[in-house]
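Next come the chains, spelled out residue by residue.
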Amino acid sequence: MQQIINFVIRNKTFLLFLFLFCVGLALTIQSHSYHRSKFINSANALSGGVYGTMNSIDKYFNLEQENEILAEENKYLREQLFNLSNAEASFVLDSSFSNEIYRVTIAEVYKNSYSSTNNYLTINKGTTDSINQDFGVITSKGIVGIIDATSNNYARVLSILSKKSRINAKLKSSNHIGSLIWDGKSPEFVQLVDVSKFAPVKVGDTIVTGGQSSIFPKGINIGAIDRFETDISGDTYTIQVRLFNDMTNIGKIYILQNLDRDEILTLQRSGNE
């Protein structure tokens, strides 16, 4: 403290000059519009530079997280390509393959709701990108929903967090299937209903798409079993499934187009006639 006092005493003349100079500068800026505008412009330029630098630093420290996300997505895509050699593979990403079944388009989510009874997402791909109704939507972690409306450049996705949603799903460990629905409560959980009482249901087991529709291929992740209970009839289970996706934080998505969909639907209709 004594050193500070000594410093002030030794430099009192200079400090007084500096104080008076700042006061004079402030009065000049306040009383002249030209000087005030120049000062504001300079301050904006300075603050913009500071914010830009801070943003660059923030991006630098987030590189590890971004790299982890990219690595996970690359792992997902590579796994699908490796599975092409499997006789049961049904998820093809590259149109150069002669046996292409599913075509994938990458899109961004512009709007996402998750707290209503029937929730939707808006994405930045539409009919000009060959996107139509009843295309499946997923992320690298699991399913998101099904496209139910399109415009030229955008599409609306019916989220799995909707009471209108009903998706074929199954236990990954067996072929026991059920219907995936949402009870309208938590965005973390969906329900798998009408699962046979003979199914080997265990907490922690994975639930995947069943492949019995023309929208999603078999085996895409959905979530893990959190708990389950026997229905009143005693013949089926209702399973609480904790989603792998954080449905409150969806950014990049993948749109699945089943190139055999029209052929499958035509065949199914002919069988009902």
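Described in the following lines is the structure provided in the data block. Bear in mind the structure is a predicted one, so any value in this text is a computation, not a measurement. (Residues numbered from 1 in each chain as written. Predicted model: local features only at pLDDT ≥ 70, side-chain atom pairs only at ≥ 80, totals over all residues. Heavy atoms only, no water.)

Here's the deal with the overall build of the chain
Part 1: For the chain, the helix and strand inventory stands at 5 helices and 12 strands.
Part 2: For the chain, restricting intrachain contacts to residue pairs at least 6 apart in sequence, the fraction spanning at least 24 positions comes to 56%.
Part 3: Looking at the chain as shown, the accessible area adds up to about 17,100 Å², and 54% of this sits on carbon and sulfur atoms. (Helix = DSSP H or I, 4+ residues; strand = E, 2+ residues; numbered from the N terminus. Contact = heavy atoms within 4.5 Å. Areas by Shrake-Rupley, 256 points an atom, 1.4 Å probe, with all protein chains shown as cover.)

Examining the pairing of strand 5 (residues 155–162)
Part 1: For strand 5, the tally of buried residues reaches 7 of 8 residues, placing the bulk of the element in the interior.
Part 2: Pairing geometry for strand 2 (residues 118–123) and strand 5, over 5 bridges, is antiparallel. Residue pairing for strand 5: Asn118 is matched across the bridge by Ser162.
Part 3: Pairing geometry for strand 4 (residues 143–150) and strand 5, over 5 bridges, is antiparallel. Directly across from Gly145, in strand 5, lies its bridge partner Ser159.
Part 4: Between the antiparallel neighbours strand 4 and strand 5 lie 4 residues. (Buried < 20%, exposed > 50% of the residue type's maximum accessible area, 1.4 Å probe, protein only. Pairing = 2+ DSSP bridges.)

Considerations on the pairing of strand 8 (residues 189–196)
Part 1: The buried fraction of strand 8 is high, at 6 of 8 residues.
Part 2: In the sheet, strand 7 (residues 177–181) pairs with strand 8 via 3 bridges, with the strands oriented antiparallel. Bridging from a neighbouring strand, Ser179 pairs with Val193 of strand 8.

Thoughts on the environment of Ser213
Part 1: On the secondary structure map, Ser213 appears in the loop between strand 9 (206–209) and strand 10 (221–230).
Part 2: A relative accessible area of 35% means that Ser213 is categorised as partly exposed.
Part 3: Through-space distance from the C-alpha of Ser213 to that of Asn168 is 7.0 Å; in sequence the pair is 45 residues apart.
Part 4: Polar side-chain contacts of Ser213 include one of 3.3 Å to the backbone nitrogen of Ile215. (Polar contact = N/O pair within 3.5 Å; in protein donor to acceptor, adjacent residues only side chain to side chain.)

Concerning a nonpolar patch on the surface
Part 1: Taken together, the side chains of Phe14, Phe17, Leu18 and Phe21 make up a nonpolar region of the molecular surface, amounting to roughly 430 Å² of accessible area.
Part 2: Here Leu18 lies in helix 2 (residues 12–31). (Patch = residues over 30% accessible without salt bridge, like charges linked within 9 Å, V, L, I, M, F, W, Y side chains within 5 Å. Salt bridge = Lys/Arg side-chain N within 4 Å of Asp/Glu carboxyl O.)

Re the packing of aromatic side chains
Part 1: According to the stated counting rule, one finds 2 aromatic pairs in the structure shown.
Part 2: Ring geometry for Tyr110 against Tyr154: centres 5.7 Å apart, planes inclined by 55°, an arrangement best described as tilted. You can see Tyr110 sitting in strand 1 (residues 102–112) and its partner Tyr154 sitting in the loop between strand 4 and strand 5, a full 44 residues away along the chain.
Part 3: Between Phe228 and Tyr237, the aromatic rings sit 5.5 Å apart at their centres with planes inclined by 85°, giving edge-to-face as the arrangement.
Part 4: Among the residues examined, Phe228 registers a relative accessible area of 34% and is labelled partly exposed.
Part 5: The side chain of Arg227 reaches across the aromatic face of Phe189, ending 5.7 Å from its centre. (Phe/Tyr/Trp six-rings, centres within 6.5 Å; stacked < 30°, edge-to-face > 60°. Lys NZ or Arg CZ within 6 Å of the ring centre and 35° of its normal.)

Quick notes on the environment of Leu192
Part 1: When you line up the elements, Leu192 lands in strand 8.
Part 2: Leu192 gets classed as buried once you look at its relative accessible area, which sits at 0%.
Part 3: Along the chain, Leu192 and Arg166 lie 26 residues apart, while their C-alpha atoms are 9.6 Å from each other.
Part 4: Those residues in contact with Leu192, other than ones at most four positions away along the chain, are Ala169, Leu171, Gly178, Ser179, Leu180, Ile207, Tyr237, Thr238, Ile239 and Val241.

Topic: the pattern of salt bridges
Part 1: Per the counting criterion, the structure on display carries 6 salt bridges.
Part 2: Across the pair Asp235 and Lys197 runs a salt bridge whose closest N-O atoms are separated by 3.9 Å. Here Asp235 is found in the loop between strand 10 and strand 11 (236–243), whereas its partner Lys197 is found in the loop between strand 8 and strand 9, with 38 residues between them in sequence.
Part 3: Bridged by salt links that share partners, the residues Glu188, Asp226, Arg227 and Arg242 form one connected network.

Quick look at the environment of Thr236
Part 1: Relative to the assigned elements, Thr236 resides in strand 11.
Part 2: Separated by 43 residues in the primary sequence, Thr236 and Val193 have C-alpha atoms spaced 7.6 Å apart.
Part 3: Among the polar contacts made by the side chain of Thr236, one reaches the side chain of Asp231 at a distance of 2.4 Å.

Description of unusual backbone geometry
Part 1: For Ser130, which is not glycine, the phi torsion reads 65° and is therefore positive.
Part 2: Along the chain, Ser130 falls in the loop between strand 2 and strand 3 (136–138).
Part 3: Even without a glycine there, the phi angle at Asp194 is positive, about 60°.
Part 4: With respect to the secondary-structure elements, Asp194 resides in strand 8.
Part 5: Owing to a relative accessible area of 44%, Asp194 belongs among the partly exposed residues under this scheme.

By themselves, these figures tell us nothing about what the structure is for.
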